[in-house]
Amino acid sequence: MSTSQPPPQSPPPSPSSSSSSSSSSSSPSPSPSPSETSAAPRTTASTADIKRLLSAAFIGTALEWYDYFLYGTAAALVFNKLFFPDLDPAVGTIASFVTFAVGFVARPVGAAIFGHVGDRYGRRTALIITVVLMGLTTGCIGLLPGYATIGIWAPALLATLRFLQGISVGGEWSGAMLLTLEHTPREKHGSYSAVPQLGSPVGTLLSSGAFALVGMLPDAAFYSWGWRIPFLFAFVLLFVALYMRLRIEESPVFQAMMADKEEHGPPPAPLIEAFRRTWGRILIGIAAAFLGIGGFFLLTTFIISYGTEQLGVDKSVMLNATLVGAVVEIAVLVVGGRIANRAGPWKVCAVGGVVSVLAAFPTFWLVDTGETPLVVLGVALGIGAISIPYAPIGAVVSGMFPENFRYSAVAMSYNLAGVVSGFVPLVAASLLGLSGGASWSAALLLIFIAACTALGSYLAGPQLRRRLGHDPSKQHETSKAIA
């Protein structure tokens, strides 16, 4: 990575010269690139445009995470019995979590595909494809026959659909985050970056709530057809999310990139450029994003299985605990985003990692009591702590990369963290077996994940200062200024 200094800024124009040439009065450098000049008129969208954009980003990500978390809940409660019935219950749970992890393995594939689409053909185009793919694959899971009906094809088809889910998520989060941040003022990126993140707890509320409702059915009905209803509901949600996505405009940053492409020709392959020029920043992004993904699945997917299988807590109690945790997460995301506007996104992420380290053992101590109020409190405490760095992580990761390969770099950073995170429930279940069922092993795993995020966020600070400085007007600076 080169660290060349940006050229000195020219003095602001006087009122009498406001109509002079933009090359001499409206650029922070003597010879602005086309993407700078073309983006300038669109640096701040209207209030109505921003509201429509935020609504589309929120609803789309809520659908994505509803679909994705739905699988995690089903992996803990259903799939081990219906798709791996011949295995020992503990081994069946691990096998179910293996198919859960398949989706995370697919995420870098989706990041590469949709990163290229987003950097070459538009952020909006990529997001429309991702939401359609996710809605269709999730609905199809609800139509799958079980092992008793089609044998080995049942888990094979389940893993295939999970892989397609992972490809979709590989392009969704980064696209929704970039489309949000590239339309809005940089001084508010902390709070605006929290809006797509709200899709995560809302998706959790919808998926856990759906399973809580069908979980009230008798076991025979639940395992026969009841568990399918939440998956089939994805078809309905798909139409709502697609309608919202079709109403938003393309990112002004991408429009400026297209103007630059027409004048200077197409840029190099974005994914290759991302790894060639910013591999160190990608590693920092992976570490910074780790807790928001891996920690969350440890405190939802794994802890549901741990509570029901190891502690004997009723499944409705564990599902309701995740619902309360999701409500707490919503509040933390809103507050954390606003604090990030003032303190800086990377600082909030670093502090959140430290808080999560401190909350790890108390979280599992409370769950281990098996008492319903304390179980709920423990899950809410853990989810609340890991939500602090999750709020502004989008501003941290996206701020480290230039826009001509930003979609690819952000998607790869976040989804490589997702690959590791996909194995967290599996690793936690394995460690639990090695520790004789003692929860200290899972608590130590959470501490390790939180420490990675604290370190990654701290290392992101100098990168953000070098690229963006402290001038909010540099919202849409080009890669030439930071190369």
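What counts, and where the lines are drawn
Residues numbered from 1 in each chain as written. Predicted model: local features only at pLDDT ≥ 70, side-chain atom pairs only at ≥ 80, totals over all residues. Heavy atoms only, no water. Helix = DSSP H or I, 4+ residues; strand = E, 2+ residues; numbered from the N terminus. Buried < 20%, exposed > 50% of the residue type's maximum accessible area, 1.4 Å probe, protein only. Areas by Shrake-Rupley, 256 points an atom, 1.4 Å probe, with all protein chains shown as cover. pLDDT = per-residue confidence, 0-100. Contact = heavy atoms within 4.5 Å. Patch = residues over 30% accessible without salt bridge, like charges linked within 9 Å, V, L, I, M, F, W, Y side chains within 5 Å. Salt bridge = Lys/Arg side-chain N within 4 Å of Asp/Glu carboxyl O. Core = buried A, V, L, I, M, F, W, Y, C linked by side-chain atoms within 4.5 Å. Phe/Tyr/Trp six-rings, centres within 6.5 Å; stacked < 30°, edge-to-face > 60°. Lys NZ or Arg CZ within 6 Å of the ring centre and 35° of its normal. Arc of directions from axis to C-beta. Axes fitted to C-alpha atoms, helices over the stretch in contact; angles between N-to-C directions. Parallel < 35°, antiparallel > 145°, perpendicular 65-115°, else oblique. Left-handed = near helix turned anticlockwise from the far one by under 90°. Nonpolar A, V, L, I, M, F, W, Y, C, P; charged D, E, K, R; others polar.

Asker: Can you break down the overall build of the protein residue by residue, with the values?
Answerer: When helices and strands are tallied, the protein shows 22 helices and 0 strands. The buried share of the protein, taken over its 483 residues, is 58%. Counting every atom, the protein has about 18,400 Å² of accessible surface; 69% of that belongs to carbon and sulfur.

Asker: Describe the confidence of the model for the protein, with residues and values.
Answerer: Here the protein shows a mean pLDDT of 81. Residues at 70 or above account for 85%. Contacts for the low-pLDDT stretch residues 1-43, under 50 throughout, to residues beyond four places or in other chains number 52 contacts. Every residue in residues 470-483 scores below 50 in pLDDT, and together they form 45 contacts with partners more than four places removed in sequence or on other chains.

Asker: Describe a nonpolar patch on the surface, with residues and values.
Answerer: Nonpolar side chains collect at one region of the surface, where Val-105, Phe-423 and Val-427 lie side by side and expose about 210 Å² of accessible area between them. Along the polypeptide, Phe-423 turns up in the loop between α20 (406-422) and α21 (424-434).

Asker: How would you summarise the nonpolar core if you had to cite specific residues and measurements?
Answerer: Phe-79, Phe-211, Trp-227 and Ile-393 are the most contacted members of the largest nonpolar core, which has 117 residues in total. The element contributing the most residues to this core is helix α15 (residues 270-310), with 17 residues. What Ile-393 contacts, discounting residues up to four positions off in sequence, is Trp-173, Gln-197, Ala-288, Ala-289 and Cys-349.

Asker: Describe the packing of aromatic side chains, listing the residues and the values that go with them.
Answerer: Within this structure, the stated rule accounts for 15 aromatic pairs. Between Trp-173 and Tyr-414, the ring centres sit 3.7 Å apart and the planes meet at 5°, which makes this aromatic pair stacked. Of the two residues, Trp-173 sits in helix α8 (residues 153-181) while Tyr-414 sits in helix α20, which places them 241 residues apart along the sequence. Put simply, the rings of Tyr-71, Phe-79, Phe-83, Phe-211, Phe-222, Tyr-223, Trp-227 and Phe-231 pair up and form one aromatic cluster. Positioned above the aromatic ring of Tyr-71, the side-chain terminus of Arg-162 is 4.4 Å from the ring centre. Taking NZ or CZ as reference, Lys-315 lies 5.6 Å from the ring centre of Phe-222, over its face.

Asker: Explain helix α11 (residues 219-226) residue by residue, including any values.
Answerer: All of the buried residues in α11 are Ala-221, Phe-222 and Gly-226. The buried residues of α11 occupy an angular sector of 100° when projected down its axis, which confines them to one face. Structurally, α11 contributes buried residues whose contacts are with α10 (199-214) and α12 (228-232).

Asker: Lay out the packing of helix α17 (residues 345-368) against helix α18 (residues 372-390) in plain terms, naming residues and giving numbers.
Answerer: For the pair α17 and α18, the least separation of the axes is 7 Å and the interaxial angle reads 165°. In terms of orientation, α17 lies roughly antiparallel with respect to α18. As α17 packs across α18, the resulting crossing turns out to be left-handed. Of the residues in α18, those in contact with Val-348, Cys-349, Gly-352, Gly-353, Val-355, Ser-356, Ala-359, Pro-362, Thr-363, Leu-366 and Val-367 of α17 are Leu-374, Val-375, Leu-377, Gly-378, Val-379, Leu-381, Gly-382, Ala-385, Ile-386, Ile-388 and Pro-389. Grouping the constituent residues of the contact of α17 with α18 by class yields 16 nonpolar, 6 polar and no charged.

Asker: Before we move on, can you summarise the pattern of salt bridges with the specific residues and values?
Answerer: In this structure the tally under the stated criterion is 8 salt bridges. Here Arg-123 makes a salt bridge to Glu-182, at a shortest N to O gap of 2.8 Å. Remark: Glu-182 occurs in the loop between α8 and α9 (189-197) and Arg-123 occurs in helix α6 (residues 123-141); sequence separation between them is 59 residues. With a closest N to O distance of 3.0 Å, Arg-406 and Glu-182 form a salt bridge. Taken together, the residues span a long stretch of sequence, with Arg-406 in helix α20 and Glu-182 in the loop between α8 and α9 at a distance of 224 residues. Arg-406 gets classed as buried once you look at its relative accessible area, which sits at 7%.

Asker: Let's hear about the side chain of Ser-421: which residues, and what values?
Answerer: Here Ser-421 shows up in helix α20. Beyond its immediate stretch of four places on either side in the chain, Ser-421 contacts Phe-104, Phe-290, Ile-293 and Gly-294.

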